[in-house]
Amino acid sequence: MTNLCARELSRPRMASVWREVLASVGELESFSGHAVRTPTGEPLALTAQSGPLVVRVVLEHEAGRIAGHVAVNGAGKVSGVLMAPLEHEHTMAF
């Protein structure tokens, strides 16, 4: 992770967000919808890539689906993580 991302997304903060997700949509059951794209939305092959890029996955929970996006910079470090209900994925910043 970048230093800024690590400061903003501390372990306690990430654990708190995950608890909120579980309270909202239940236990995680599976993953689907794996994709890699550029920050502007152009699809990339699911092979080794260098950043910047965004990795997408759909988290399948008992009572809902969550879109997860992870931004990776050119140095290969995570620079951001976003999660939102799948129906609101189009509003995510990256």
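Quick notes on the rules
Residues numbered from 1 in each chain as written. Predicted model: local features only at pLDDT ≥ 70, side-chain atom pairs only at ≥ 80, totals over all residues. Heavy atoms only, no water. Helix = DSSP H or I, 4+ residues; strand = E, 2+ residues; numbered from the N terminus. Rg over C-alpha atoms; globule rule 2.2 N^0.38 Å. Buried < 20%, exposed > 50% of the residue type's maximum accessible area, 1.4 Å probe, protein only. Contact = heavy atoms within 4.5 Å. Areas by Shrake-Rupley, 256 points an atom, 1.4 Å probe, with all protein chains shown as cover. Salt bridge = Lys/Arg side-chain N within 4 Å of Asp/Glu carboxyl O. Pairing = 2+ DSSP bridges. Expected span 1.5 Å × (residues − 1). Polar contact = N/O pair within 3.5 Å; in protein donor to acceptor, adjacent residues only side chain to side chain. 1 Å grid on protein atoms, 1.4 Å probe; cavity = no way out; pocket = protein on both sides within 12 Å on 5 of 7 lines; lining within 4 Å. Points joined across faces, edges and corners; volume = space filled by probe spheres on them. Nonpolar A, V, L, I, M, F, W, Y, C, P; charged D, E, K, R; others polar.

A few words now on the overall build of the chain. In terms of regular secondary structure, the chain is built from two helices and five strands. For the chain, the succession of helices and strands along the chain, N to C, is α-α-β-β-β-β-β. Taken over the C-alpha trace, the chain has a radius of gyration of 14 Å; the compact-globule value for 94 residues is 12 Å, and the two agree within 12%. Evaluated residue by residue, the chain yields a buried proportion of 30% over its 94 residues. Considering only residue pairs separated by 6 or more positions, the chain has 39% of its internal contacts joining residues 24 or more positions apart. Of the roughly 6000 Å² of accessible surface on the chain, a fraction of 57% belongs to carbon and sulfur atoms.

Tallied over the full model, the rule gives three salt bridges. One salt bridge connects Glu60 with Arg65, and the closest N-O pair in it is separated by 3.0 Å. Look at Glu60 and you get buried, because its relative accessible area is 17%.

Counting buried residues along strand β3 (residues 53-61), seven of its nine residues qualify, which places the element largely inside the surrounding structure. As paired strands, strand β1 (residues 28-37) and β3 are joined by seven bridges and run antiparallel to one another. Residue pairing across strands places Leu28 opposite His61, the latter belonging to β3. As paired elements, β3 and strand β4 (residues 64-72) share nine bridges and run antiparallel to each other. Each residue of the ladder has a partner; that of Val58, found in β4, is Ala67. Hairpin connection of β3 to β4: two residues between the antiparallel strands.

Quick look at helix α2 (residues 11-25) now. Between its terminal C-alpha atoms α2 stretches 21 Å, which fits the 21 Å expected from 15 residues at 1.5 Å a residue. Positive phi appears at Gly26, one or two residues downstream of α2, with a value of about 80 degrees.

Looking now at the side chain of Thr2. Checked against the element boundaries, Thr2 lands in the segment before α1 (3-8). A polar side-chain atom of Thr2 sits 3.1 Å from the main-chain amide nitrogen of Cys5. For Thr2, the residues in contact, after removing those within four places along its chain, are Asn73, Lys77, Val78 and Ser79.

This part is about the layout of surface pockets. Gaps between atoms show up when a probe of the same size as a water molecule is rolled over them. Approximately 150 Å³ is the volume found for the largest pocket. Taken together, Leu9, Arg13, Met14, Val17, Trp18, Val81, Leu82 and Met83 form the lining of the largest pocket. Those elements that place two or more of their residues in the lining of the largest pocket are α2 and β5 (78-85). When residues of the lining of the largest pocket are assigned to their parent elements, the largest contribution, four residues, is made by α2. The residue inventory of the lining of the largest pocket, partitioned by class, reads seven nonpolar, no polar and one charged.

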